[in-house]
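# Observations on the three-dimensional arrangement
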Amino acid sequence: KTVEKRTKVKARIISYALKQLITQSDTVFIMGHAIPDMDSFGASIGMYRAIKNKGKKCFIILNSISESIKNIYEKLEKEQPDYLDDIVPYEKVKNMSFKSSLCIVVDTHIPEQTESLELINNIDKVVVIDHHRRGESFIENPMLTYLEPYASSASELVSEILYYIEDNIYMTKFDATALLAGIAVDTKNFAINTGVRTFEAASFLRKKGANTEEVR
């Protein structure tokens, strides 16, 4: 059984290290697992916001719109149409130069389950942010690994990173709502796998404008 860690020292250290990696990269790619769910999509949107705030070129790799994210994707089309140019299938970016690029993988650590195994193999710098127990198959030699099985969701971990990566970080209401939806789905509306830090992350997102009715 996983034990929740009350101290947030690791979250701060990871946030600082991730900020350095983003600053040193020309382009950042974000991807979750294939057949995405609300958590992997919410966590991807959260990371996208952190990177765009740093003025970096950024793409979310999304090969298909699964049934699980259809609602939130339609909301994105209405509220944040400017994001659509940066949410692309791997085919659209495969001919780009990956020389000074960073790939952030959220909500999985198994290379075969990501949206694109080829992308991981082509990029030297990979970061893993996940809340699942470590399996036998793991992305080889990541620059940074934030694997915390006590956490409710990848969206919870990303919310903590956003809290520390920048003072009073700018987020849109859509960003906050997408992250809160990721937490809500993975905890079955805060009924299971919910710790003190889960509620703290939710509180932070609510302050940033997350719409709880839309999440439901």
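Residues numbered from 1 in each chain as written. Predicted model: local features only at pLDDT ≥ 70, side-chain atom pairs only at ≥ 80, totals over all residues. Heavy atoms only, no water.

Right, let's talk about the layout of surface pockets for a bit. In this approach a probe as big as a water molecule rolls over the atoms, and the regions it shows empty are the leftover space. The calculated volume of the largest pocket comes to roughly 350 Å³. Lining the largest pocket are 16 residues, and of these Thr2, Pro149, Tyr150, Ala151 and Asn193 lie nearest its centre. For the lining of the largest pocket, a count of residues per class yields three nonpolar, eight polar and five charged. In this model, the second largest pocket occupies a volume close to 220 Å³. Taken together, Pro111, Glu112, Leu117, Ile120, Asn121, Ile123, Asp124, Val126, Phe138, Ile139, Glu140 and Asn141 make up the full set of residues lining the second largest pocket. For the lining of the second largest pocket, the element with the highest residue contribution is helix H5 (residues 117-122), accounting for three residues. (1 Å grid on protein atoms, 1.4 Å probe; cavity = no way out; pocket = protein on both sides within 12 Å on 5 of 7 lines; lining within 4 Å. Points joined across faces, edges and corners; volume = space filled by probe spheres on them. Nonpolar A, V, L, I, M, F, W, Y, C, P; charged D, E, K, R; others polar. Helix = DSSP H or I, 4+ residues; strand = E, 2+ residues; numbered from the N terminus.)

Bringing the sheet that holds strand S1 (residues 27-31) into the picture now. The strand order S3-S2-S1-S4-S5-S6 describes an open sheet built from six strands, whose pairing is parallel. Looking at the sheet topology across the chains shown, the edges are occupied by strand S3 (87-88) and strand S6 (144-147). In this structure, S1 lies alongside strand S4 (residues 101-106), joined through five bridges in parallel fashion. If you follow Ile30 over to S4, its bridge partner there is Ile104. In this fold helix H1 (residues 9-23) packs onto S4, strand S5 (125-130) and S6, with an angle of close to 145° to the strand it touches most, S6. Along the sheet, helix H2 (residues 38-53) contacts S1, strand S2 (57-61), S4 and S5; its crossing angle with S2, the most-contacted strand, is approximately 175°. (Pairing = 2+ DSSP bridges. Contact = heavy atoms within 4.5 Å. Axes fitted to C-alpha atoms, helices over the stretch in contact; angles between N-to-C directions.)

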